[in-house]
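Residue strings, one per chain:
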Amino acid sequence: MPEYTVRELAEFCEGRAEGDLDRRLSGAAAPEGATVTDLVFADSERTARAALQSSAGCVLLDESLPAPGRTVIRVRQPKLAFARLVVRLCPARRPAPGVHPQASVAADARLGRDVHVGPSAAVEAGAVIGDRTVVSSGCVVGEGTRIGPDCFLHGNVTLYPGVTLGARVILHSGVVIGADGFGYVFNGKSYEKFPQLGTVEIGDDVEIGANSSVDRAALGVTRIGSGTKIDNLVQVGHNVVMGEHCAIASLVGISGSCTIDHHVVMAGQVGLGDHVRIEAGAVLGGQCGVLPHKTVKRGATVWGTPARPIKDYLRQLAALARLGKKS
Amino acid sequence: MPEYTVRELAEFCEGRAEGDLDRRLSGAAAPEGATVTDLVFADSERTARAALQSSAGCVLLDESLPAPGRTVIRVRQPKLAFARLVVRLCPARRPAPGVHPQASVAADARLGRDVHVGPSAAVEAGAVIGDRTVVSSGCVVGEGTRIGPDCFLHGNVTLYPGVTLGARVILHSGVVIGADGFGYVFNGKSYEKFPQLGTVEIGDDVEIGANSSVDRAALGVTRIGSGTKIDNLVQVGHNVVMGEHCAIASLVGISGSCTIDHHVVMAGQVGLGDHVRIEAGAVLGGQCGVLPHKTVKRGATVWGTPARPIKDYLRQLAALARLGKKS
Amino acid sequence: MPEYTVRELAEFCEGRAEGDLDRRLSGAAAPEGATVTDLVFADSERTARAALQSSAGCVLLDESLPAPGRTVIRVRQPKLAFARLVVRLCPARRPAPGVHPQASVAADARLGRDVHVGPSAAVEAGAVIGDRTVVSSGCVVGEGTRIGPDCFLHGNVTLYPGVTLGARVILHSGVVIGADGFGYVFNGKSYEKFPQLGTVEIGDDVEIGANSSVDRAALGVTRIGSGTKIDNLVQVGHNVVMGEHCAIASLVGISGSCTIDHHVVMAGQVGLGDHVRIEAGAVLGGQCGVLPHKTVKRGATVWGTPARPIKDYLRQLAALARLGKKS
């Protein structure tokens with residue numbers, strides 16, 4: 001592990017150090033498990049108490065909280081500074097470059113510099129993998145897939161043929177990109193498969209959690225914008241177009257052909273019917289449901305099913321509670 | 001890619017062609033991405049406008065919409081005709097027959113003609129795989145499994161020992177068939193595992209989406225009827241019996257011992273308690289929940305939790321909205 | 001299959017046999033599929049009727065139900081006795097010990113006695129695997145992972161580096177343990193990854209269903225207590241601490257930093273916001289949602305979103321139904 005002095009760390013995060021500036025740190029921790037070589041952070045009075053009473057070698061915190069006798073770094077956004085410093089203190093281990101002998105890589109696949117392909121991984125014909133990307137054990141990289149540089153596919157990820165990932169994309173285990181969308185035509189008696197000929201394009205710096213799935217478009221492209229973060233067990237249907245810097249929590253279901261602008265936030269278990277439009281900056285409360293073809297307006301916060309402005313919904317819940325008591 | 005004239009395509013779908021009958025088509029697309037060699041379709045005035053203004057070589061549409069000067073094929077159900085013609089224009093690529101040297105196939109497994117087994121796939125003892133079935137990379141085909149002809153198991157599918165698939169079954173990546181059901185007996189202090197000795201039988205023409213799971217019966221058989229289509233991230237519990245031609249959207253949870261008749265439709269995130277019965281043709285609205293041991297009547301449309309007839313629920317929602325405004 | 005007389009089975013379960021005590025049984029079944037060599041059980045008048053009319057060789061039931069002319073074993077808890085006897089009658093087949101030649105096991109991984117590692121499984125550097133544990137085909141056992149004895153990892157399970165499993169843990173296919181939690185810091189424009197440096201510790205006798213995921217702690221440890229059972233497609237967020245002997249049904253979402261005491265029961269599709277506390281013995285009804293930072297009290301039964309005492313919620317539902325009718 002690398003080691004830095006408090007002085008060096010303060011410079012990295014443009015903070016102001018107090019106390020023992022030459023103290024050497026080599027790790028990061030939560031206050032309860034911290035040792036004298038660890039950095040911790042606090043972003044409230046409550047967490048500051050724990051941090052200042054801990055054995056940590058140094059505490060990141062803002063100017064407002066007193067810290068008599070402690071070695072601290074004063075910084076405007078302690079949590080953000082902590083996240084950035086940890087990248088230096090505890091750099092993520094990446095598997096060594098090279099193709100494992102028990103991997104299967106098609107003769108015409110093109111691997112960039114320092115790519116890692118783990119055992120039992122399969123890279124199919126025509127796939128193109130960017131420099132330093134990691135394809136872990138058990139991954140399937142389908143025919144003609146294009147993966148940017150510095151991506152990390154954890155174990156047992158599946159990419160269907162033809163999908164595209166940008167740079168620095170992280171896919172956790174069990175993620176499936178490019179499976180056929182749920183599209184059928186009912187002929188009066190049975191469902192006939194509607195062609196799922198499109199593809200998926202995922203931007204830069206996207207992270208997708210374990211066992212989530214993004215379906216290929218029927219015709220055209222399912223898109224996930226750069227910087228968007230998706231939690232575990234999320235479903236993104238065919239032809240969805242999602243903007244940049246969205247945050248989508250676990251078990252959310254996004255039906256086919258939804259359009260989601262940038263900086264949208266969805267809490268856990270939210271559901272969108274097909275062809276829903278969510279405008280920029282909207283926030284969807286946990287478990288709420290938006291009916292097909294509806295729009296959630298720019299910056300709105302909605303809750304309940306069918307989703308309505310949160311103020312209205314809270315008044316309705318309060319009215320219902322009163323009604324229940326009366327009866 | 002194969003090529004067909006407009007005349008040939010019209011014959012295939014029993015439609016009536018107008019315009020340049022000798023024009024050759026070799027693809028299919030959505031209107032916005034179509035080129036002169038592409039077929040498109042329209043099934044409403046709105047989509048007809050886009051289709052007729054597109055660069056597509058030919059438009060499938062019904063008799064009601066004018067299309068002056070365009071090459072079109074008139075047909076009663078344009079979307080259905082499109083789905084069927086695309087099978088000819090853009091036939092799905094199937095991997096070449098053969099067992100990859102990095103696959104593991106038990107000595108006594110029986111593979112039909114032209115079966116494909118991809119790298120890192122494992123076919124265990126006594127498995128029987130039908131003609132032309134594809135077992136992609138990373139799949140696990142458990143001991144004694146029986147798979148019909150023309151099935152397609154995408155990468156990283158897992159079949160537990162003893163399960164049965166019919167013909168033309170499509171399983172997307174991450175699907176798990178035959179895991180133990182969630183069955184325990186509480187002894188007053190801890191949960192003891194109730195035996196999960198049964199199996200799973202899946203009919204013909206079933207398609208199951210990415211990361212969905214169908215549990216084996218405790219005793220007996222969990223069944224999915226022919227023609228039923230299941231979306232991604234769906235849970236089907238032990239001893240469920242599901243009929244033919246159902247459509248089950250993403251993130252639906254079906255508890256143990258539910259009985260679901262044919263032609264049932266469930267929208268996303270619906271939940272059924274154990275021993276629920278859903279009669280034929282019922283439609284369950286998104287996120288609704290049916291309580292254990294309840295029945296949803298033949299052809300009913302229900303919504304809300306607990307699920308109730310949709311008319312009742314909409315009146316209740318309207319009443320609640322009024323109440324919220326008054327207070 | 002082993003064979004036991006009715007007399008022997010009665011002794012094993014401390015029951016009282018009536019009828020043909022020398023009859024030999026070699027299997028277990030549900031009444032509808034039972035043959036003369038099968039054991040069945042009944043725990044209600046309704047199931048007793050089916051069991052007594054079946055072809056089963058012996059019926060487990062309590063003292064209250066008459067069974068003239070039948071070979072039965074009287075026992076206080078028939079279902080529990082059945083579960084235990086089935087372990088003898090139908091012992092689970094475990095794959096033969098040994099490392100498959102198409103597995104990949106790091107040179108410094110330590111495997112206990114009689115460990116099974118299937119084809120295409122990968123055991124990474126420094127992993128320690130207990131005696132008799134089964135690592136099925138396609139599993140990825142990350143660097144430095146510690147797995148106790150008698151565990152069973154079904155096909156395509158993924159363990160991230162550094163996680164710990166106790167003894168007799170069962171992980172079904174597609175389970176992902178130790179993926180990064182959903183933690184970011186918003187810098188006003190984009191999300192920066194908050195370090196996910198912690199780990200996961202899973203106790204003894206835990207069973208986790210297909211395609212469920214348990215995220216590693218950001219800092220510290222995500223814990224699942226001994227004896228807890230988790231169904232398919234469940235999300236357990238980072239830094240969750242779950243007690244012993246909980247039962248968590250399918251599609252439940254547990255957000256980061258929730259604390260769940262022992263003997264908690266959650267029905268399907270329940271959702272918890274972050275930092276929720278669920279006290280011992282609480283029961284959460286299907287699809288209910290607990291808001292962030294809220295507590296559900298010891299032994300309480302709650303339902304609805306936001307979750308409230310079930311009595312209150314049922315009164316509110318009844319009041320709403322009346323209101324809907326009036327209007």
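In case you missed it, the structure is sitting above this.
Presented here is an overview of the structure given in this document. This is a predicted model, so every value here is computed, not measured.

## Overview of the interface of chain A and chain B
At step 1: Contacts between the two partners involve 58 residues from chain A, matched on the other side by 53 residues from chain B.
At step 2: There are three salt bridges connecting chain A and chain B.
At step 3: A salt bridge links Lys193 of chain A to Glu207 of chain B; the nearest nitrogen and oxygen atoms lie 2.8 Å apart.
At step 4: Scanning the region where chain A abuts chain B turns up 23 residue pairs in polar contact (both at pLDDT 80 or more).
At step 5: At the level of secondary structure, the elements contributing two or more residues to the side of chain A that touches chain B comprise strand S22 (184–186), strand S23 (191–193) and helix H4 (310–326) of chain A.
At step 6: Top contributing element to the side of chain A that touches chain B by residue count: H4 of chain A, with six residues.
At step 7: Tallied by class, residues from the side of chain A that touches chain B come to 29 nonpolar, 20 polar and nine charged.

## So, the packing of helix H4 (residues 310–326) of chain B against helix H4 (residues 310–326) of chain C
Packed helices, taken two at a time, are described by the angle their axes make and the gap between the axes.
At step 1: Orientation of H4 of chain B relative to H4 of chain C, taken along the N-to-C sense of each, is 95°, at an axis distance of 8 Å. Relative to H4 of chain C, the element H4 of chain B is oriented roughly perpendicular. Across the interface between the two elements, Arg315, Gln316, Ala319, Leu320 and Leu323 of chain B of H4 of chain B pack against Leu320, Ala321, Leu323, Gly324 and Lys325 of chain C of H4 of chain C.
At step 2: Split by residue class, the contact of H4 of chain B with H4 of chain C holds six nonpolar, two polar and two charged.

## Regarding helix H2 (residues 45–53) of chain A
Residue and element names in this part refer to chain A.
At step 1: What H2 keeps buried is the set Thr47, Ala48, Ala51 and Leu52. When H2 is viewed along its axis, its buried side chains cluster within an angular range of 130° and face the same direction. Exposed residues pointing more than 90 degrees away from the buried face of H2 are listed as Arg46 and Gln53.
At step 2: Where the residues of H2 are buried, they touch strand S5 (38–41), strand S6 (58–61) and strand S7 (72–74).

## Overview of the sheet that holds strand S2 (residues 16–18) of chain C
Residue and element names in this part refer to chain C.
At step 1: Strand order in the open sheet formed by five strands is S2-S7-S6-S5-S4, and the pairing between neighbours is mixed. Where the open sheet ends on each side, the last strands, each with one partner, are S2 and strand S4 (27–28).
At step 2: Packed on one face of the sheet, helix H2 (residues 45–53) meets strand S5 (38–41), strand S6 (58–61) and strand S7 (72–74) and runs near 165° to S6.

## Digging into the sheet that holds strand S14 (residues 134–135) of chain B
Residues and elements named next belong to chain B.
At step 1: Here we have twelve strands laid out as an open sheet, ordered S8-S11-S14-S17-S20-S25-S28-S31-S34-S37-S40-S41, and mixed in their pairing. Here the strands that pair on one side only, and so sit at the sheet edges, are strand S8 (98–99) and strand S41 (308–309).
At step 2: Here two bridges tie strand S25 (residues 207–208) to strand S28 (residues 229–230), and the two strands are oriented parallel to one another. From the neighbouring strand, Glu207 faces S28, where its bridge partner is Lys229.

Conventions used here
Residues numbered from 1 in each chain as written. Chains lettered and ligands numbered in written order. Predicted model: local features only at pLDDT ≥ 70, side-chain atom pairs only at ≥ 80, totals over all residues. Heavy atoms only, no water. Contact = heavy atoms within 4.5 Å. Salt bridge = Lys/Arg side-chain N within 4 Å of Asp/Glu carboxyl O. Polar contact = N/O pair within 3.5 Å; in protein donor to acceptor, adjacent residues only side chain to side chain. Helix = DSSP H or I, 4+ residues; strand = E, 2+ residues; numbered from the N terminus. Nonpolar A, V, L, I, M, F, W, Y, C, P; charged D, E, K, R; others polar. Axes fitted to C-alpha atoms, helices over the stretch in contact; angles between N-to-C directions. Parallel < 35°, antiparallel > 145°, perpendicular 65-115°, else oblique. Buried < 20%, exposed > 50% of the residue type's maximum accessible area, 1.4 Å probe, protein only. Arc of directions from axis to C-beta. Pairing = 2+ DSSP bridges.

Taken by themselves, the reported measurements are silent on function.
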